[in-house]
Amino acid sequence: MTVALATLVDQKGWLVIDLTGAASTANAGLGEIANPEGVLLGITRAFLYFTTGSTGAANLDVGIGASGAKASDIVSAMDVVEATVGGKFIFGPAAQAAETESPTAKWAPTTYLTFTGSASTVGLAGKLYLEYIRLA
């Protein structure tokens, strides 16, 4: 697995997830995180901080879906090459013209936060800061 839960701060609705690139292009090939609260959650904000971008031309999809599935309701086909994202702090959806200003993802208890690369994301390093509220 190339993503790992870095912090769960007193159940206050923020997750910090370490993201490390890999050669995998499989659906959820960069990893997945299970719902940490076991109840329906609403994703309110997503921020990404990339210390380095990928060495190859790759896009990143992050979203809520089934285990092993590609999902893109948080970021969709985001260019993560070094020249585009290296050293940048990005509000997830605002980086994409086709997205609205707030993610509308709902995270069901049995679904996962999945990470998928379109090509090798080797060299990519960063964090996803995810804010959520409990809906149940």
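Residues numbered from 1 in each chain as written. Predicted model: local features only at pLDDT ≥ 70, side-chain atom pairs only at ≥ 80, totals over all residues. Heavy atoms only, no water.

1. A few points about the overall build of the chain
Here's step 1: Each helix and strand in the chain was counted, giving 1 helix and 10 strands.
Here's step 2: Taken from the N to the C terminus, the helices and strands of the chain come in the order β-β-β-β-β-β-α-β-β-β-β.
Here's step 3: The long-range share in the chain, meaning contacts at least 24 apart out of those at least 6 apart in sequence, stands at 76%.
Here's step 4: For the chain, the computed accessible surface area is about 6,100 Å², with 56% contributed by carbon and sulfur atoms. (Helix = DSSP H or I, 4+ residues; strand = E, 2+ residues; numbered from the N terminus. Contact = heavy atoms within 4.5 Å. Areas by Shrake-Rupley, 256 points an atom, 1.4 Å probe, with all protein chains shown as cover.)

2. Some details on the sheet that holds strand S6 (residues 75–79)
Here's step 1: The antiparallel open sheet is built from 4 strands, whose spatial order is S3-S9-S5-S6. A strand with exactly one partner marks an edge of an open sheet, and here the two such strands are strand S3 (31–34) and S6. This sheet shows a mean twist of 15° between the axes of neighbouring strands, independent of strand direction.
Here's step 2: As defined by bridge partners, strand S5 (residues 59–65) adjoins strand S9 (residues 112–117) across 6 bridges and the pair is classed as antiparallel. Paired with Ile-64 across the strands is Leu-113, a residue of S9. (Pairing = 2+ DSSP bridges. Axes fitted to C-alpha atoms, helices over the stretch in contact; angles between N-to-C directions.)

3. Observations concerning unusual backbone geometry
Here's step 1: One non-glycine residue, Ala-28, adopts positive backbone phi at about 60°.
Here's step 2: Secondary-structure assignment places Ala-28 in the loop between strand S2 (14–20) and S3.
Here's step 3: Of note in this structure, Ala-77 is not a glycine but carries a positive phi near 50°.
Here's step 4: Turning to its location among the elements, Ala-77 is positioned in strand S6.
Here's step 5: For Ala-77, a relative accessible area of 43% gives the class partly exposed. (Buried < 20%, exposed > 50% of the residue type's maximum accessible area, 1.4 Å probe, protein only.)

4. Observations regarding the confidence of the model for the chain
Here's step 1: Confidence along the chain averages 85 in pLDDT terms, with 84% of residues attaining 70 or more.
Here's step 2: Long-range and interchain partners of residues 94–102, a stretch whose pLDDT sits below 50, account for 10 contacts in this model, where long-range means more than four residues apart. (pLDDT = per-residue confidence, 0-100.)

5. Focus on the pairing of S3
Here's step 1: Of the two faces of S3, only the one carrying Gly-31 and Ile-33 is buried; Glu-32 and Ala-34 on the other face are not.
Here's step 2: In the sheet, S3 pairs with S9 via 4 bridges, with the strands oriented antiparallel. In the strand pairing of S9, Glu-32 is matched with Thr-114.

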